[in-house]
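# Observations on chain architecture
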Amino acid sequence: MTVNLEVAEGVGTLRLDRPPMNALDVATQDRLKELAEEATRREDVRAVVIYGGERVFAAGADIKEMQAMDHTAMVLRGRALQDSFTAVARIPKPVVAAVTGYALGGGCELALCADFRIAADNAKLGQPEILLGLVPGAGGTQRLPRLVGPSKAKDLIFTGRMVKADEALAIGLVDRVVPAAEVYEQAHAWAAKLAQGPAIALRAAKESIDTGLETDIDTGLAVERNWFAGLFATEDRERGMRSFVEEGPGKAKFL
């Protein structure tokens, strides 16, 4: 399989496994969607790590496969391509990308689908589609400007240039830079910590933030208000407030 789902400590690792560069061909895209939806459904998965291995995250689409497609083929395929990445972005649980080596084109777009990005100090990220006479097609023109702002996104997309880990951190494309040998360990630790939190409240927080970024503030506030009130019906809210009153803040256990 080109993508695998491994579960430990409440964390599901979506592991890309298509050597040597984890090129995202059609089969890999479809498998990614399938496993993202599985991670969404499974109750034993409370947080997710996306990982490409020690050497590379994903170097982009399979260009040889894409070269053989004409306009009609891509019209038919384009929605499925986006849907595979959207399935990752819509996992209603905390998602962290553990970025090693290259994360280019579709690889960068996949990292953008995570809530948090931990990058190796030797990582290189970018959207080089313009160098092929194309634009990003798996969400890059939408998710990148929402993350780093329109002018920085246009710089990367217009030029197709790669950025090293330090620049990626400076512009907000990644959230933490660590030694290459520690990327997965730190990503898994971050996810495992959140996996111990209140699952429904985490889902509410993620949906409220993501929806608010995509709509007007009044609609976003309505989503927040509905979730806030709804959480008062959960056992986790009862447990959290009881623990706060009886033991002090930060001591509630939600598993």
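Parameters at a glance
Residues numbered from 1 in each chain as written. Predicted model: local features only at pLDDT ≥ 70, side-chain atom pairs only at ≥ 80, totals over all residues. Heavy atoms only, no water. Pairing = 2+ DSSP bridges. Helix = DSSP H or I, 4+ residues; strand = E, 2+ residues; numbered from the N terminus. Axes fitted to C-alpha atoms, helices over the stretch in contact; angles between N-to-C directions. Core = buried A, V, L, I, M, F, W, Y, C linked by side-chain atoms within 4.5 Å. Buried < 20%, exposed > 50% of the residue type's maximum accessible area, 1.4 Å probe, protein only.

A word on the sheet that holds strand β5 (residues 102–104). The mixed open sheet is built from three strands, whose spatial order is β5-β7-β8. With partners counted over all chains shown, the strands left at the sheet margins are β5 and β8 (162–164), one partner each. Across the sheet, the mean angle separating the axes of adjacent strands is 20° when strand polarity is ignored. Of the strand pairs in this sheet, β5 and strand β7 (residues 124–126) are connected by three bridges, and their pairing is parallel. Pairing of A103 across the sheet is with L125, part of β7.

This next bit is on the nonpolar core. The nonpolar side chains of soluble globular proteins are, as a tendency, buried together. The biggest cluster of nonpolar side chains holds 44 residues, and the ones touching the most others in it are F57, V99, L125 and L173. A total of five residues in this core trace back to one element, the largest contributor, which is helix α3 (residues 71–89). In this structure, Y51, V96, I118 and A120 belong to the second largest nonpolar core, which totals 15 residues.

Right, let's talk about unusual backbone geometry for a bit. The omega angle of the peptide bond from P19 to P20 is 0°, so this bond is cis rather than trans. One can find P20 in the loop between β2 (11–16) and α1 (26–41). Positive phi is not limited to glycine here, since N22 has a value of about 55°. Position of N22 relative to the elements: it lies in the loop between β2 and α1.

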